[in-house]
Amino acid sequence: MDFSLTPEQKEFKRSVLKFAKNELNRDVIERDHSSEFDWEGWKKCAELGIQALPIPEEYGGVGEDIVTCMLAMQALGYGCTDAGLLFSLHSHMWTCEIPILTFGSDEQKKKYLPRMAAGEIVGGHAMTEPGAGSDAYSLMSTAEKKGDRYILNGSKTFISNAPIADVLLVFALTDKTKGWAGISGFLVDKGTKGFIVGNPLHKMGLRTSPTAEVTLEDCEVPEECRLGREGAGSAIFNAEMEWERSCLFSSHLGMMQRQLDKCVQYAKDRKQFGQSIGKFQAVSHKMADMRMRIELGELILHKVAWLKGKGKKAHLESAIAKLFISESAVQNSLDAVQIHGGYGFMTEYEVERDLRDTIGGKLYSGTSEIQRNIIASWLGL
Ligand SMILES: Cc1cc2nc3c(=O)[nH]c(=O)nc-3n(C[C@H](O)[C@H](O)[C@H](O)COP(=O)(O)OP(=O)(O)OC[C@H]3O[C@@H](n4cnc5c(N)ncnc54)[C@H](O)[C@@H]3O)c2cc1C
């Protein structure tokens, strides 16, 4: 099995890493405090072509394969310490661009993709409701057909990018009698009457990625806003989750490598009892375990990329990858705080923020428990 990268892929990864280090780390501590999104960083990413990565050239993108997308996101995770900015990029790319690319009509692709690829407009998706989280398909929002229009009603919560989004992929029931098979997706533009975005929600981590509730009050959209056929909502959601669970967690691996490098350096520099703390096995073994988790996470993501690159489904493998990497990122972040001692607890060392940012990874894109349920179901349980 060949895990080597082509010279072009290596060079591309290096250039994204350099870009991220130099351009995306402005005032992260302060913006984390004030929960401020980095518009400048967003635009710089667009200039480099990040948002355009998975979009084919005919729709204004660069049409990179999934391995290259994952490499770019991993490099961003290493070089960019603003996990919120990366989270917003991920929401935009995997939960809005990809569904439009995969399920959209030619008109929808032409309307949205070139501007999304250029970073001119921001996207996201709205599935979760106050009463429907893990059990996403028990949603209550409705889309009632009236002639050539749909009337949307309901409420959504925890919607990433909602305060800054120009378009959201909203899921609602077109047929209440069919359960999950009655869910459809709609592309709803900002400013549509009855599409109400609430105030940004305050969060434990990922504070620089804005989140809000969305209320749909007799929100009327033309039939052309429906994404795919009626009832395709669950297929759209499953497809986007596969992408998100693969590419988003590449950034986690990048972050984990940066964090480990920082820990190794700290453990060499910091002296107690007359020697570097890295000489204490209790400390060095933590870093050995951190390294092992990164290696295993990379291996499973390679497998996901290989499967998806061959056009195969990776439902089980992406669930394993999501579960393993998100939980490893939290464990590595806890270890990083411990290795840094009291300094790791202090904001200015930028170690505690990784911990706060990574905890969300066990919740969004399906909680750890739900990933275990998926894996168990593949065992016939
Ligand atoms: C940072 C962040 C960003 C998000 N962004 C978006 C977004 O952009 N769009 C969107 O639609 N949603 C978004 N979400 C919502 C996210 O998808 C949900 O929070 C998640 O699916 C869990 O739903 P819940 O919060 O209602 O928890 P619940 O479903 O109420 O779960 C509570 C607890 O019960 C457990 N549990 C529930 N059911 C089972 C079961 N069957 N077996 C075992 N354990 C179970 C859960 O694992 C969890 O531990 C985001 C969430 C976060 C934290």
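Below: a short report on this structure. Note on numbering: residues in each chain are counted from 1, in written sequence order. Residue-level local features of this predicted model are given only where pLDDT is at least 70; pairs of side-chain atoms are given and counted only at 80 or more, and the full residue set underlies all totals for whole chains, interfaces and linings. The basis for the side-chain values is all heavy atoms of the structure; hydrogens and waters are excluded.

**A look at the pairing of strand E2 (residues 142-146)**
Worth spelling out the cut-off: A pair of strands is considered paired only if DSSP assigns at least 2 bridges between the two. Working definition: helices are DSSP H or I runs of at least four residues, strands are E runs of at least two. Numbering for both runs from the N terminus.
The pairing of E2 with strand E3 (residues 149-160) spans five bridges and is classified as antiparallel. Counterpart to Glu144 in the pairing with E3 is Ile151. Here E2 hands over to E3 after two residues, with Gly147 in that stretch at a positive phi of 65°.

**A few points about the site of the ligand**
Worth spelling out the cut-off: One heavy atom within 4 Å of a molecule or strand makes the whole residue count as near it. By the criterion applied in these results, polar contacts are pairs of N or O atoms within 3.5 Å in which, for protein atoms, one can donate a hydrogen and the other can accept it, and in which residues neighboring in sequence qualify only through two side-chain atoms. Only the protein chains shown count as cover for residues, with accessible areas throughout obtained via the Shrake-Rupley method and a probe of 1.4 Å. Polar here means any residue outside two lists: the nonpolar Ala, Val, Leu, Ile, Met, Phe, Trp, Tyr, Cys and Pro, and the charged Asp, Glu, Lys and Arg; Gly therefore counts as polar. What marks off one domain from the next here is an automatic or database domain assignment.
As a matter of local geometry, the ligand sits amid 16 residues, with Thr128, Ser134, Phe158, Thr367 and Glu369 nearest to it. In the model, a nitrogen atom of the ligand is placed 2.6 Å from a nitrogen or oxygen of the Thr128 side chain. Interatomic distance of 2.7 Å between a side-chain N/O atom of Glu369 and an oxygen atom of the ligand. Expressed as a share of its isolated accessible area of 970 Å², the protein-covered part of the ligand is 64%. Broken down by secondary-structure element, the contributors of at least two residues to the shell around the ligand are strand E1 (123-126), E3 and helix H12 (368-378). Residues belonging to the shell around the ligand are distributed by class as follows: eight nonpolar, seven polar and one charged. Two domains each donate at least three residues to the shell around the ligand, and these are domain 2 (124-231) and domain 3 (234-378).

**Let's talk about empty space enclosed by the protein**
Stated precisely, the cut-off is as follows: Only protein atoms enter the 1 Å grid used here, on which a cavity is any set of points holding a 1.4 Å probe that cannot leave and a pocket is any open set flanked by protein within 12 Å on both sides along at least five of seven lines; residues with an atom within 4 Å of a point are listed as lining. Grid points are joined across faces, edges and corners, and a volume is the space filled by probe spheres set on the points.
In this structure the tally under the stated criterion is three cavities of 30 Å³ or more. In this structure, the largest cavity spans a volume of roughly 180 Å³. Around the largest cavity, the lining is made up of 18 residues, and of these Ala83, Leu86, Ser251, His252 and Met255 lie nearest the centre. Within the residue set of the lining of the largest cavity, elements represented by two or more residues are helix H5 (83-103), helix H7 (233-269) and helix H11 (352-359). Tallying contributions element by element places H7 first for the lining of the largest cavity, with five residues. A per-class count over the lining of the largest cavity returns eight nonpolar, six polar and four charged. Residues lining the lining of the largest cavity come from more than one domain, with at least three contributed by each of domain 1 (7-123) and domain 3 (234-378).

**A short note on helix H4 (residues 66-79)**
Note the threshold: Between the first and last residue of a helix there are one fewer steps than residues, each counted as 1.5 Å, and that sum is the expected span. Whether a residue is buried, partly exposed or exposed follows from its accessible area with a 1.4 Å probe, protein chains only, as a fraction of its type maximum: under 20%, in between, or over 50%, in that order.
For H4, with 14 residues, the first-to-last C-alpha span of 20 Å sits near the 20 Å given by 1.5 Å per residue. Counting buried positions along H4 yields 13 of 14 residues, so the element is predominantly enclosed. Between a side-chain oxygen at the N-terminus of H4 and the backbone nitrogen of Val67 the separation is 2.9 Å; the capping residue is Asp65.

**Points about the nonpolar core**
Keep this limit in mind: For this analysis, a nonpolar core means a set of buried residues of the types Ala, Val, Leu, Ile, Met, Phe, Trp, Tyr and Cys, connected via side-chain atoms within 4.5 Å. Should any heavy atoms of two residues lie within 4.5 Å, those residues are counted as being in contact.
Grouped together as the largest cluster of nonpolar side chains are 85 residues, with contacts concentrated most on Ile50 and Leu76. Of all the elements, H7 adds the most residues to this core, at 14 residues. For Leu76, the contacting residues outside a window of four places in its chain are Val16, Phe19, Ala20, Leu24, Ile50, Leu86 and Leu89. Ala126, Tyr150, Leu152 and Ala212 belong to the second-largest nonpolar core, a separate cluster that totals 19 residues.

**A look at the layout of surface pockets**
The calculated volume of the largest pocket comes to roughly 1,200 Å³. Surrounding the largest pocket, 39 residues form its lining, Thr128, Leu363, Tyr364, Ser365 and Gly366 being those nearest its centre. Counting only elements with at least two residues in the lining of the largest pocket, the list comes to H5, E3, H7, H11 and H12. Broken down by element, the lining of the largest pocket gets its largest block of residues, five residues, from H7. In terms of residue class, the lining of the largest pocket is made up of 16 nonpolar, 17 polar and six charged. The space that makes up the second largest pocket amounts to roughly 390 Å³. Asp2, Phe3, Val67, His302 and Trp306 are the residues nearest the centre of the second largest pocket, which is lined by 16 residues in total. For the lining of the second largest pocket, the secondary-structure elements that each account for two or more residues are H4 and helix H8 (281-309). By residue number, the principal contributor to the lining of the second largest pocket is H8, which donates six residues. Within the lining of the second largest pocket, the residues separate by chemical class into eight nonpolar, five polar and three charged. Shared between two domains, the lining of the second largest pocket takes at least three residues from each, and those domains are domain 1 (7-123) and domain 3 (234-378).

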